[in-house]
Each structure stands twice: as structure tokens, then as C-alpha cells.
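# A look at the structure
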Amino acid sequence: MRRKYLVTGGAGFIGSHLAEGLLERGYKVTVLDNLENSIADPDLDQNSQLSFVKGSVTDRSLVRELVAEHDAVFHLAAMLGVKTTMTHTIEMVQNNLAGTSIILEEAMRTGKKVVFASTSEVYGKGEPPFSENMDLRFGNTTKLRWSYALGKSLEECLCLAYGRKKLPITIVRYFNIFGPRQKDGSYGGVVSRFIKAALTGEDLLVYGDGSQTRSFTYVSDAVEGTIRCLEEKADQEIFNVGSRNEITILGLATKIKNLTKSSSNIVHIPFDKVYPHGFEEIPKRSPDINKIETILQYEPQVKLEQGLKESIGWYRRKLARGELS
Ligand SMILES: NC(=O)c1ccc[n+]([C@@H]2O[C@H](COP(=O)([O-])OP(=O)(O)OC[C@H]3O[C@@H](n4cnc5c(N)ncnc54)[C@H](O)[C@@H]3O)[C@@H](O)[C@H]2O)c1
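The sections below set out a description of the structure shown in this document.

Criteria and cut-off values
- Residues numbered from 1 in each chain as written.
- Predicted model: local features only at pLDDT ≥ 70, side-chain atom pairs only at ≥ 80, totals over all residues.
- Heavy atoms only, no water.
- Helix = DSSP H or I, 4+ residues; strand = E, 2+ residues; numbered from the N terminus.
- Rg over C-alpha atoms; globule rule 2.2 N^0.38 Å.
- Buried < 20%, exposed > 50% of the residue type's maximum accessible area, 1.4 Å probe, protein only.
- Contact = heavy atoms within 4.5 Å.
- Areas by Shrake-Rupley, 256 points an atom, 1.4 Å probe, with all protein chains shown as cover.
- Lys, Arg positive; Asp, Glu negative; His and termini not counted.
- Charge placed at Lys NZ, Arg CZ, Asp CG, Glu CD.
- Salt bridge = Lys/Arg side-chain N within 4 Å of Asp/Glu carboxyl O.
- Near = heavy atom within 4 Å.
- Polar contact = N/O pair within 3.5 Å; in protein donor to acceptor, adjacent residues only side chain to side chain.

### Points about the overall build of the protein chain
When you go through the protein chain residue by residue, the secondary structure sums to 11 helices and 13 strands. Against the compact-globule benchmark of 20 Å for 325 residues, the protein chain has a radius of gyration of 19 Å, which places it among compact chains. By principal-axis analysis of the C-alpha atoms, the protein chain measures approximately 55 × 45 × 40 Å. A total of 325 residues make up the protein chain; the buried ones form 52% of that total. Considering only contacts within the protein chain whose residues lie at least 6 apart along the sequence, 79% involve residues at least 24 apart. Here the protein chain has roughly 14,500 Å² of accessible surface; of this, 50% comes from carbon and sulfur atoms. Each charge class in the protein chain can be summarised by its mean position, and for the 42 positive and 40 negative side chains these summaries are 0 Å apart.

Written out as C-alpha cells, the structure is:
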């Protein structure tokens, strides 16, 4: 019989690609999403092997029913984004912690494997390249930007505690995933924000001097890394899911401006203007991906420029059809 997977947050950016990736590999998929931050993409395939349930991961009876019907759970549902973290801290912490707690409790009931989506944010102010076994270094809790990372790290602890009780569990720490369908608004990722600005002639707003670096991972690589976590050798492990595509934010803006042949300006804007209640930027973020390469034979395939071209093509088509505001 076809294996059947539950993808929470499957109407969002990574989750929708993950659902597609699972369907392409011949699995059945159920998406559970409350549609609070979902993407509406008319190009998304209708597929008889895909079911959609509108609801929340905080709804215990719904989660109990769904988990029992599936072979494993990919738990991606969460509120995220640096701005959301600072403007909706209470809702975000409550939503994410409650959801993960319920997913794990219900998975434990029937012994179902869980793959949990964590984040490179948990490395905080550590010294890159970040490897899975290093200590995590957060800033002061008065800076609310740390609430997302602290929450995700607490959720990781919960996962690992259930792991000790023999629940098969894998944690993936995603590093700046980008690609088609990523939100382009102020709450979205920097790649989509820059592409949209470049294609519509608006300024590309670089926060600070732009010397901060990130390692951008194309979404198809993230999906491959995540699906490999179904393997038994991934149980009770944490994996960085990232790439070696490290670039400064100013370098990224320049690249996108050139690739789109845009006449937009690159404009610097001080952090305290973007985040008036105080912010702490992480100057450099890059993953050590040796562990996932060695254990799961994951190798990122998509170079930054190739991924940017794919994403730009998608945004161009969507803008031309009036499908992006
Ligand atoms: N995008 C990245 O670069 C990145 C980096 C690190 C970690 N992550 C993690 O990966 C996961 C997916 O991120 P994404 O970029 O696809 O975000 P996204 O916002 O596009 O997707 C999250 C989805 O979860 C849904 N959701 C939120 N709360 C829910 C709830 N209570 N019940 C049901 N659905 C709910 C939203 O409607 C949305 O569709 C998240 O857990 C995030 O923390 C993403």
C-alpha cells in the first residue's frame, strides 16, 4: 500500500513544495493548514493522492485523528519571520509551542515518526559555520527577536525528549530557504522581497550596510533533505539543511538587480528604522552540512544563481498574470 504522510503547514511555502515532492515520489499526502499564512497558487497541481484539511495543529482531536491515519508527520506549521516575531510575539510563541507539543503527544500515542522543521536561527550569535553539536548562543530576552529561536530550540528539546521515549524523530534546521511561492511581502524572505522590488521598479531595501551574510538554499534541495529524513538512520538526529551559497545581503541585492536587468535603486536603511524596538542582527550565518552529507548522502544541487533565475521567472509570470499583489 502507498505510504501516506501528513504535512502540517503544507499550504505554506516549504510545505507546498514538500507535499509536491512527496506526491512525485509516489506517496499519498494530507496537508493540514489553518491558511493563516498560506499561498494561493492556481498552478498548484490538483492530485487525487493529495487531501487538504483546513484546521489548526492546536486542535487536539483533529490532530489525533489525522496522525493515527498517517505513516509519519512532517511538522512545518508555524508562525515565523523576523517581523512577526517582534510584532506578534505572544501569538507566535503560543501557536508554535502548543502546536508542536500536541503533534508530539499524538505521535507518541501511535509511535508515528515526526520530522520537525526547526531553523538556523537557533544558532543565534554562535561562530559560523554552524554545526549541529555546537552550543547555541542567544541574545537577551529583552530583544524579542530571540523569541522565535528560543521557542524553536525549546520545541527541539521536546522532540528530543520524546525521542528518548523511543519516538522516531528527526529535526531539520533550515538555512534561508528560497524559491517560487515564497511570500514577497514585508514578512517574507529577503530573496522574494528583492525580486519583487527589482521587477516592479521599486527600491531594493538593504537593512544596515548589507555586509551581513546568509547561505541561501533552493527549496528543491530543502525538500530533498527533508524527505531523506524518513530514513531510519535519521531517527533521533538533528540535521542542518542548507547549502554553501553564502553571500552578503548587499551582494544578493546586486545579483538580483543584475539578473533582472532592473533599473531599481539599492537603498540602505538603518536597522533601527526597520525595527524601532531594538534589533540584534546576526552578522554571518553559514551551515556546516557535513553531517547530512555523510549520513543521508544529501548534496545541495542548485547553485544560487540558478535558483535565483528560477525564482525570478516564477515572479515574472505571476506579476504578468496579476497573480501577485
Ligand atoms: N523559509 C525559511 O527559510 C525557513 C527557515 C527556517 C525554518 N523554517 C521553518 O520551516 C517551516 C515552514 O516555513 P515556511 O517558510 O514554509 O513558512 P510559511 O509561513 O510559508 O508556512 C507555514 C504554514 O503554516 C501554517 N500555520 C501556521 N500556524 C498554523 C497552525 N496553528 N495550524 C495549521 N497551520 C498553521 C501557515 O498558514 C502557513 O501556511 C516553519 O516551521 C519555519 O519555522 C523556514
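### Details of the pattern of salt bridges
Applying the stated criterion across every chain yields a total of 21 salt bridges. A salt bridge links Arg-228 to Glu-224; the shortest N-O distance between them is 2.7 Å. Of this pair, Arg-228 and Glu-224 both sit in helix α7 (residues 219-228), four residues apart, which is roughly one turn of the helix. Classification of Arg-228 as partly exposed rests on a relative accessible area of 24%. Relative accessible area serves as the criterion here: at 24%, Glu-224 is assigned to the partly exposed category. Lys-291 is paired through a salt bridge with Glu-237; the nearest N and O atoms lie 2.7 Å apart. Placement of Lys-291 in helix α10 (residues 290-296) and of Glu-237 in strand β11 (residues 237-241) is noted, with a sequence separation of 54 residues between them.

### Things to note about the site of the ligand
Looking at the ligand, there are 28 residues lining it, with Ile-14, Asp-33, Asn-37, Asn-95 and Tyr-148 nearest. One of the side-chain N or O atoms of Tyr-148 is found 2.6 Å from an oxygen atom in the ligand. Separating an oxygen atom of the ligand from a side-chain N or O atom of Lys-183 is a distance of 3.0 Å. Starting from 830 Å² of accessible surface for the ligand in isolation, the protein chains cover 95%.

It is worth stressing that arrangement in space is one thing and function is another; only the former is reported here.
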